[in-house]
Amino acid sequence: MKSVFTDKQSVPQDSDLRESLSAVYDIWQTLVNYVYSKYPAAIPEWNFSKSSGWSFRMKDKKRTVIYLLPRAGFFKVALVFGQKATDELMNSSVSEDIKMELSAAKVYAEGRGIRIEVKNETVINDIKELINVKLAN
């Protein structure tokens with residue numbers, strides 16, 4: 001599924017995001033602010049790819065902490081975890097659904113990647129825990 005933003009010439013603005021995400025815009029902002037609260041030097045950037053459109057990511061000095069993928073009326077959160085972080089998450093309080101997705105994810109050189117659909121606030125605490133583990137490892 002592609003981003004709701006597909007025009008390479010037009011970097012999404014906050015007003016575009018608010019309009020497209022509608023009811024979940026505040027949740028997007030909550031997650032962005034949470035990353036900043038845990039890592040104030042986070043570097044935000046929009047990236048464009050021909051196959052998937054615009055996506056937003058927040059990086060530390062050498063890696064991406066979190067990807068936020070805007071859709072119409074919702075968004076996806078994507079994170080990648082190395083083995084140590086994966087092991088820690090398997091013993092954490094995150095939902096069994098997330099643990100199952102993480103354990104089933106294909107392992108790449110940079111780790112295991114998962115994507116979580118955000119359509120309401122039910123997954124926010126799990127995503128915050130994922131961010132905490134990501135930043136700690």
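Preceding this paragraph is the structure being described.
As the structure is a computational prediction, the values presented were derived from the model and not from experiment.

Ranked by internal contacts, the top residues of the largest apolar core, which has 38 residues, are I66, F75, V77, I127, L130 and I131. The dominant element in this core, judged by the number of residues it contributes, is helix α2 (residues 25-38), at seven residues. Residues in contact with V77, not counting those within four places in the same chain, are L31, I66, Y67, L68, I114, R115, I116, V118 and I127.

Orientation of helix α1 (residues 14-21) relative to α2, taken along the N-to-C sense of each, is 125°, at an axis distance of 8 Å. Relative to α2, α1 is oriented oblique. For the pair α1 and α2, contact is made by D14, L17, R18 and L21 and by Y25, W28 and Q29, respectively. Looking at the contact of α1 with α2 residue by residue, the class counts come to four nonpolar, one polar and two charged.

With that out of the way, let us pick up the packing of aromatic side chains. On inspection of all chains with the given rule, the structure shows six aromatic pairs. Here the aromatic rings of F5 and W46 are separated by 6.3 Å at their centres, their planes lie at 90°, and the arrangement is edge-to-face. Taken as a pair, F5 in the segment before α1 and W46 in strand β1 (residues 43-49) lie far apart in primary sequence, 41 residues in all. F5 gets classed as buried once you look at its relative accessible area, which sits at 11%. Ring geometry for W28 against F75: centres 5.2 Å apart, planes inclined by 70°, an arrangement best described as edge-to-face. Of this pair, W28 sits in helix α2 while F75 sits in strand β4 (residues 75-81), and the two are 47 residues apart along the sequence. Overall, W28 belongs to the buried group, its relative accessible area being 2%. Feature note: the residues F5, W28, W46, F56 and F75 constitute an aromatic cluster, connected by ring pairs. Over the ring of F74 we find K119, and its NZ or CZ is 4.7 Å from the ring centre.

Parameters at a glance
- Residues numbered from 1 in each chain as written.
- Predicted model: local features only at pLDDT ≥ 70, side-chain atom pairs only at ≥ 80, totals over all residues.
- Heavy atoms only, no water.
- Core = buried A, V, L, I, M, F, W, Y, C linked by side-chain atoms within 4.5 Å.
- Buried < 20%, exposed > 50% of the residue type's maximum accessible area, 1.4 Å probe, protein only.
- Helix = DSSP H or I, 4+ residues; strand = E, 2+ residues; numbered from the N terminus.
- Contact = heavy atoms within 4.5 Å.
- Axes fitted to C-alpha atoms, helices over the stretch in contact; angles between N-to-C directions.
- Parallel < 35°, antiparallel > 145°, perpendicular 65-115°, else oblique.
- Nonpolar A, V, L, I, M, F, W, Y, C, P; charged D, E, K, R; others polar.
- Phe/Tyr/Trp six-rings, centres within 6.5 Å; stacked < 30°, edge-to-face > 60°.
- Lys NZ or Arg CZ within 6 Å of the ring centre and 35° of its normal.

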